[in-house]
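Given next are the chains, with one letter for each unit.
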There are 2 protein chains.
Amino acid sequence: MKKKLFYLSVALMGLAMAVSCCGKQEEVKDDAANADAAIDAIMQRKSVRAYTGDTIPCEMIDKLLRAAVAAPSGMDVRPWHIVVMTDKSQYEECFAGNFNMDKFMQAGAVFIFCADTTVTRPPRENPDAPAVTTPNPIWRDDMGACTENFLVAVEALKLGAVWTACYPFHDRMDPVAKYLQLPGNIVPYSIVPVGYPAGENQPKDKWDESRIHYNKW
Amino acid sequence: MKKKLFYLSVALMGLAMAVSCCGKQEEVKDDAANADAAIDAIMQRKSVRAYTGDTIPCEMIDKLLRAAVAAPSGMDVRPWHIVVMTDKSQYEECFAGNFNMDKFMQAGAVFIFCADTTVTRPPRENPDAPAVTTPNPIWRDDMGACTENFLVAVEALKLGAVWTACYPFHDRMDPVAKYLQLPGNIVPYSIVPVGYPAGENQPKDKWDESRIHYNKW
């Protein structure tokens, strides 16, 4: 009887140890797997320029937009406004003369990332004074981060997109600003067609040791 | 003796089941889980301003750098150069007067994202002509994407960082450019201290419906 209890307790201890060890490994492995998945989306992001034309589900659009506006923002100004265009009948006028029109027409949706170039706040040296509107010297950096967050999320969802520059090219900006009747402080920054990829697309390997410098130029 | 064998085999079976259950964790996660993990890194990214001071392993630095330079680049110019500073004895001179010095000093490494503001190529209208150097009108957008890729990778690796603006503020740019003896076409764009987070940090919820516009402003 004693021996029976002994072997039973050995069996239970073995199980308990294995399960507890499993639990910890599971956590560590999950952390590592999640890190790999996130970095993989960054590394796999590529410019996709041909799409099937299928509509993108609202839930996906919602995820993309939320990822975009989770970007960092200097002084927490959050200069972004995003116009989601799905109505193709508007493209000809809105994107008049844009050499990317063929990509826009195939996309499930076209996202116009716009920026408020001003900031309205009390002056830093007198926070109790009335708010004043001044130019924001770093709106463009926030918009770059916002567009890139969006593109990594596009890759994560296995959609395809390409960042087409709008600012500072007036031939691309002016038709958009005119068609959307954007307020004077709002500029169209980037135009990103998104769709289900048509064909195969591979990311570029951009690694170049000569661009990395340790402790000196 | 039979009983002894029976309990021993129960113990071994228990162990075997536990180990096999562990093995399943190694199986590749499905697409949905990978998508969630990637978008989670974007949504969880936050500005972390206090660090433990511990050194960051080389393999992590390598992953961060590779993520950074996987950014999209207009006309594929890839304007980025990244200076990795780990030698704290250089900080006082390199970052002279920078109000973020306290964060830099605690970090495991400080990354200075620099940009080549020019592009050297044959003219577009005559690809066979000799290369000419001209200003790159969109280097700043590439640098924003590069810095943001880096920050999302930092979050994925459960490190902490904060994007501190450098360009276009000459009081921050000039000491860096002078100390590193940067060539005239290279500007220090952003300075990002990275470390193991000290304390708790939460991402901001930046969602604001008023910034999203469907088919019109």
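Residues numbered from 1 in each chain as written. Chains lettered and ligands numbered in written order. Predicted model: local features only at pLDDT ≥ 70, side-chain atom pairs only at ≥ 80, totals over all residues.

**Student:** How should the overall build of chain A be read in this particular structure?
**Tutor:** The helix and strand tally for chain A stands at 6 helices and 8 strands. Listed N to C, the secondary structure of chain A is α-α-β-α-α-β-β-β-α-β-β-α-β-β in terms of helices and strands. The C-alpha radius of gyration of chain A comes to 25 Å, more than 25% above the 17 Å expected for a compact globule of 217 residues. Its C-alpha atoms give chain A principal-axis dimensions of about 90 × 55 × 40 Å. Here chain A, with 217 residues, has 41% of them falling under the buried criterion. Across chain A, contacts joining residues at least 24 apart in sequence account for 78% of those joining residues at least 6 apart. (Helix = DSSP H or I, 4+ residues; strand = E, 2+ residues; numbered from the N terminus. Rg over C-alpha atoms; globule rule 2.2 N^0.38 Å. Buried ≥ 20, exposed ≤ 12 C-beta atoms within 10 Å, placed from the backbone. Contact = placed C-beta atoms within 7 Å.)

**Student:** For this particular structure, what's the right way to read the pairing of strand 1 (residues 80–85) of chain B?
**Tutor:** Across a regular strand the side chains alternate sides, sitting on one face of the sheet and then on the other. Among the 6 residues of strand 1 of chain B, 5 are classified as buried, and the element is accordingly described as predominantly covered. One ladder, built from 3 bridges, connects strand 8 (residues 212–214) of chain A with strand 1 of chain B; its direction is parallel. Among the inter-strand pairings, Ile212 of chain A is bridged to a residue of strand 1 of chain B, identified as Ile82 of chain B. Summarising the sheet, strand 1 of chain B and strand 2 (residues 109–116) of chain B pair through 6 bridges and their orientation is antiparallel. Within strand 2 of chain B, the residue paired with Met85 of chain B across the bridge is Val110 of chain B. (Pairing = 2+ DSSP bridges.)

**Student:** Help me understand the nonpolar core, please; the structure alone is not making it clear to me.
**Tutor:** Core analysis: the largest hydrophobic core is formed by 116 residues, its most contacted members being Phe113 and Ala153 of chain A together with Ala38, Phe113 and Ala153 of chain B. Built from parts of two domains, this core gets at least three residues from each of domain 1 (1–44) and domain 2 (58–195) of chain A. Setting aside residues no more than four positions away along its own chain, Ala153 of chain B makes contact with Ile39 and Ile42 of chain A together with Lys63, Leu64 and Ala67 of chain B. (Core = buried A, V, L, I, M, F, W, Y, C linked by C-beta atoms within 7 Å. Domains from an automatic or database assignment.)

**Student:** Please clarify how the interface of chain A and chain B should be interpreted in this entry.
**Tutor:** Accessible area lost upon the coming together of the parts serves often as the stated size of an interface. Counting from both sides, the interface comprises 77 residues of chain A and, opposite them, 76 residues of chain B. Broken down by secondary-structure element, the contributors of at least two residues to the side of chain A that touches chain B are helix 1 (2–44), helix 2 (58–68), strand 1 (80–85), helix 5 (139–156) and strand 8 of chain A. Ranked by residue count, the leading element in the side of chain A that touches chain B is helix 1 of chain A, at 24 residues. Split into classes, the residues belonging to the side of chain A that touches chain B amount to 46 nonpolar, 14 polar and 17 charged. (Nonpolar A, V, L, I, M, F, W, Y, C, P; charged D, E, K, R; others polar.)

**Student:** When you look at the packing of helix 2 of chain A against helix 5 of chain A in this model, what are you seeing that I'm missing?
**Tutor:** All names here are of chain A. Viewed as axis vectors pointing N to C, helix 2 and helix 5 meet at an angle of 145 degrees, and their least axial separation amounts to 7 Å. For the pair helix 2 and helix 5, the crossing hand works out as right-handed. Within the contact between the two elements, helix 2 uses Lys63, Leu64, Ala67 and Ala68 and helix 5 uses Cys146, Asn149, Phe150, Ala153 and Val154. (Axes fitted to C-alpha atoms, helices over the stretch in contact; angles between N-to-C directions. Left-handed = near helix turned anticlockwise from the far one by under 90°.)

**Student:** Can you help me understand the confidence of the model for chain A in this one?
**Tutor:** Detailed reading of predicted coordinates is not advised where the pLDDT is low. With 94% of its residues at a pLDDT of 70 or more, chain A shows a mean pLDDT of 94. Among the prediction metrics, the complex's ipTM stands at 0.89, with pTM recorded as 0.88. (pLDDT = per-residue confidence, 0-100.)

**Student:** I'm lost on the domain arrangement of chain A in this one. Help?
**Tutor:** Segmenting chain A into domains produces domain 1 (1–44) and domain 2 (58–195). Each of domain 1 of chain A and domain 2 of chain A has a C-alpha centre, and these two points are 45 Å apart.

**Student:** Mind showing me how you'd approach the packing of helix 2 of chain A against helix 2 (residues 31–44) of chain B here?
**Tutor:** When two helices pack together, their arrangement is given by the angle between their axes and by how far apart the axes lie. Put simply, helix 2 of chain A and helix 2 of chain B touch, their axes get as near as 9 Å, and they point 35 degrees apart. For the pair formed by helix 2 of chain A and helix 2 of chain B, the contact residues are Lys63, Arg66 and Ala67 of chain A on the first element and Ile39, Ile42 and Met43 of chain B on the second. Tallied by class, residues from the contact of helix 2 of chain A with helix 2 of chain B come to 4 nonpolar, no polar and 2 charged.

**Student:** Can you help me understand the environment of Cys146 of chain B in this one?
**Tutor:** All names here are of chain B. Mapping Cys146 onto the fold places it in helix 6 (residues 139–156). Expressed as a C-alpha distance, the spacing of Cys146 and Leu157, which sit 11 residues apart in the sequence, is 17 Å. Beyond its immediate sequence surroundings of up to four residues, Cys146 is in contact with Ala68, Val69, Ala71, Trp80 and Phe113.

**Student:** Sorry, what's going on with unusual backbone geometry here?
**Tutor:** Peptide bonds are trans in most cases, and residues, glycine excluded, mostly fall at negative phi. Cis geometry marks the peptide bond from Tyr167 of chain A to Pro168 of chain A; its omega dihedral reads 0 degrees. Position of Pro168 of chain A among the secondary structure elements: in the loop between strand 6 (164–165) and helix 6 (170–180). Not every positive phi belongs to a glycine, and Arg78 of chain A is a case in point at roughly 50 degrees. Here Arg78 of chain A lies in the loop between helix 2 and strand 1. Here Asn215 of chain B, not a glycine, exhibits a phi torsion of approximately 65 degrees, which is positive. Looking at the secondary structure, you find Asn215 of chain B in the segment after strand 8 (212–214).

**Student:** Looking at this structure, I do not really get the environment of Pro130 of chain A. What am I missing?
**Tutor:** With respect to the secondary-structure elements, Pro130 of chain A resides in the loop between strand 3 (118–121) and strand 4 (132–135). Put simply, Pro130 of chain A and Thr120 of chain A are 10 residues apart on the chain and 9.7 Å apart in space, counted from C-alpha to C-alpha.

**Student:** Sorry if this is basic, but what is going on with helix 7 (residues 170–180) of chain B here?
**Tutor:** An α-helix turns once per 3.6 residues; consequently, residues spaced three or four apart project the same way. All names here are of chain B. Listed as buried for helix 7 are Arg172, Val176, Ala177 and Leu180. The buried side chains of helix 7 occupy one side of the element, clustering within an arc of 115 degrees when seen end-on. Counted as exposed and oriented over 90 degrees from the buried face of helix 7: His170, Asp171 and Lys178. At its buried positions, helix 7 is contacted by strand 1, helix 4 (91–94), strand 2 and strand 7 (186–195). Gln181 lies just past helix 7 and shows a positive phi near 50 degrees. (Arc of directions from axis to C-beta.)

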